Amino acid sequence: MKRRPLTQAQLLARMPRAFRPKLSADQLRDLGLCHFANLDSIARGEAEEQTLWDWVGAVLTWSKAAELLERGTDEMGLQLDLATRMVNRYRDSGRILFSGPDYQLAKVGAEVMDALAEAVDRPTAVAAADWGEATLNRMSEACKAYRAALPTTERLAA
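Note that the coordinates shown come from a computational prediction; the quantities given were computed from them, not determined experimentally. (Residues numbered from 1 in each chain as written. Predicted model: local features only at pLDDT ≥ 70, side-chain atom pairs only at ≥ 80, totals over all residues. Heavy atoms only, no water.)

## Things to note about helix H6 (residues 122–149)
For clarity, the threshold we go by: Helix and strand assignments follow DSSP, with helices taken as H or I runs no shorter than four residues and strands as E runs no shorter than two, numbered in order from the N terminus. Working rule for helices: expected span equals 1.5 Å times residues minus one. Buried residues are those whose accessible area, probed at 1.4 Å on protein chains only, stays under 20% of the maximum for their type, while exposed residues exceed 50% and partly exposed ones sit between those limits.
Counted at 1.5 Å a residue, the expected span for H6 with its 28 residues is 40 Å, and the 40 Å between its end C-alpha atoms agrees. All buried positions along H6 are accounted for by Thr124, Ala125, Ala128, Gly132, Thr135, Leu136, Ser140, Cys143 and Arg147.

What follows is the structure, given as structure tokens:
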């Protein structure tokens, strides 16, 4: 019986992580810009709901990448805690903002996410992004359902 040749994805999965293709310089630049643009928008009080979800999605993605790379997990754990506080604040009040210490923590987190982006290989980044997006979709739907269930007067006050 003849064996089928391995697909490119199967070959990449077998390749040691150090030899897998990395993110391109353009991708790294774009990710860094997105991280800090979202952070800045939230800090200035100009963020809309989509900006919150974009920022939370980045935190989820890079926390998963940290887990897969086995580096930066403690720092990204702090970012996950921060993202949870932000989503809970938004869910309960409709407000998207950082407190002073949270903003400083988020700035450090953006630097950690950029460092993870430089270290990660492309297949691991894709796996982390897929996981992050699926998790984000569940979170945002739960948040929308919670806010929709609030009495109209509470939703208007928020």
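From this point, the narrative continues.
## A word on unusual backbone geometry
One non-glycine residue, Glu70, adopts positive backbone phi at about 60 degrees. Within the secondary structure, Glu70 sits in the loop between helix H3 (49–69) and helix H4 (73–93). We classify Glu70 as exposed; its relative accessible area is 71%.

## Considering the confidence of the model for the protein chain
Keep this limit in mind: Known as pLDDT, the predictor's per-residue confidence is scaled from 0 to 100.
In the predicted model, the protein chain carries a mean pLDDT of 89, and 86% of its residues have values of at least 70. Mean pLDDT per element in the protein chain: helix H7 (residues 152–157) is the minimum at 54, and H3 is the maximum at 96.

## Regarding the environment of Asp92
Along the chain, the position of Asp92 falls in helix H4. Here the alpha-carbon distance between Asp92 and Arg147, two residues 55 residues apart in the chain, equals 7.5 Å.

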